[in-house]
Structures are given as C-alpha cells and as structure tokens.
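Here is what each chain is made of, one letter per residue.
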Amino acid sequence: LRIIARDQAAEALIATATPPPAPSDIPALTKKQEEIREKAVTQILSEPQQKRLLQMLAQQQGASLLLKKEMEQELKLTDTQRYVLYAIHQETIKKVKALPEERLGDRAAAALRQSKLRKIRLAGYNHMLRALTPEQRKRFRELLGPPVEN
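Residues numbered from 1 in each chain as written. Predicted model: local features only at pLDDT ≥ 70, side-chain atom pairs only at ≥ 80, totals over all residues. Heavy atoms only, no water.

### Remarks on the overall build of the protein
Counting secondary structure elements, the protein contains seven helices and zero strands. Starting at the N terminus and ending at the C terminus, the protein contains elements arranged as α-α-α-α-α-α-α. Here the protein, with 150 residues, has 19% of them falling under the buried criterion. Of the contacts formed within the protein by residues at least 6 apart in sequence, a portion of 60% connects residues at least 24 apart. Just so you have it, the protein exposes about 12,200 Å², and 59% of that area is on carbon and sulfur atoms. (Helix = DSSP H or I, 4+ residues; strand = E, 2+ residues; numbered from the N terminus. Buried < 20%, exposed > 50% of the residue type's maximum accessible area, 1.4 Å probe, protein only. Contact = heavy atoms within 4.5 Å. Areas by Shrake-Rupley, 256 points an atom, 1.4 Å probe, with all protein chains shown as cover.)

Given below as structure tokens:
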C-alpha cells in the first residue's frame, strides 16, 4: 500500500508540475524573484538590519564584488583599474583551478587544499585592494561594514 500511495503521490506531482522556463524567460523570472525577495526583506527587517544584511552579502562575494558594475560606478574605477582588477581575478581563478583535487575521504588532503584555497583567495583579494586608491579602499571597506564573525 505504501508503494501505491508513493507512486500516486509522485504521479500527482508530475501531473501538476510546470515545465521548466524557456531560457528567454529566465531573466524576467529572476528579476521577479529578486523583487519578491526585496519586498519581503523590507517588510521584515528594519533599515539598519537591511543595511547590515547587504553588507554581509557583499562580504560573502569577496573580491569579485569589485568586478560588478554597481561597485565600479560607486568607486569610480578607471578603465585601467577595471582591466587590472579583472586580470588579477582571472589569475586567482587560474591558481585555484591548478590546485589538485583531493580524494574522497582524505580529510588531511581536503584540509590542506582548503588552507591553500584561503591563502590564494586572500592574496588575490589583497592584490585587488592594492589596485584601488586609498580613497576607493576606504569607501569599499565602508560599504562592506565590519567583518562577519564566525
């Protein structure tokens, strides 16, 4: 009986499932999801909480945040800075991809790889920060807010 009930439930899910969106519809659907999420956040969180949430999300993106159009405009990056930041980011990605994959179950190798990943990413992040002017670095740190504590 359980098998029959499970199969009937699965059939009901399949019958009511909507087909996946067409690739051309994805940007509009993504925008709609962002609007819904933003509306929910503004209804639930106070303004200081909203600001902190944005800072924490920005921190999570790390150095790649510097490559986003909004950040380029906020920091008034020059064309040369954009080129340098992109080149540093690509070099960091190359170094990460060059790390050997660890075997499943090899915790020591996994821990070593994670340590190396952190070092590579931190070096790339610091290198990207050095491409900014002191005023840009200050503004960037203000936008990120205090570090999230683990």
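Now that the structure is up, let's keep going.
### Some remarks on the nonpolar core
In this structure, Leu66, Leu75, Leu132 and Phe140 are the most contacted members of the largest nonpolar core, which totals 14 residues. Looking at this core, the elements with two or more residues in it are helix 4 (69-75), helix 5 (79-98), helix 6 (107-130) and helix 7 (134-144). (Core = buried A, V, L, I, M, F, W, Y, C linked by side-chain atoms within 4.5 Å.)

### Let's talk about helix 7
If you check which residues of helix 7 are buried, you get Gln136, Phe140 and Leu144. Viewed along the axis of helix 7, the buried residues span an arc of 75 degrees, placing them on a single side of the element. Summarising the geometry of helix 7, the exposed residues directed more than 90 degrees from the buried face are Pro134, Glu135 and Lys138. Residues of helix 7 that are buried sit in contact with helix 3 (47-61), helix 4, helix 5 and helix 6. With its phi angle positive at about 75 degrees, Gly145 sits one or two positions after the end of helix 7. (Arc of directions from axis to C-beta.)

### Section: the layout of surface pockets
Space inside the largest pocket adds up to approximately 830 Å³. Lining the largest pocket are 20 residues, and of these Leu53, Leu54, Leu57, Ala58 and Gln61 lie nearest its centre. Of all elements in the fold, only helix 2 (26-44), helix 3, helix 4 and helix 7 reach the threshold of two or more residues within the lining of the largest pocket. Ranked by residue count, the leading element in the lining of the largest pocket is helix 3, at eight residues. For the lining of the largest pocket, the class distribution of residues is eight nonpolar, four polar and eight charged. (1 Å grid on protein atoms, 1.4 Å probe; cavity = no way out; pocket = protein on both sides within 12 Å on 5 of 7 lines; lining within 4 Å. Points joined across faces, edges and corners; volume = space filled by probe spheres on them. Nonpolar A, V, L, I, M, F, W, Y, C, P; charged D, E, K, R; others polar.)

### Things to note about the side chain of Gln50
Considering the arrangement of structural elements, one finds Gln50 in helix 3. Gln50 sits in the buried class, given a relative accessible area of 18%. Apart from the residues within four sequence positions on either side, Gln50 is in contact with Val41, Thr42 and Leu45.

These figures come from the coordinates and say nothing about function on their own.
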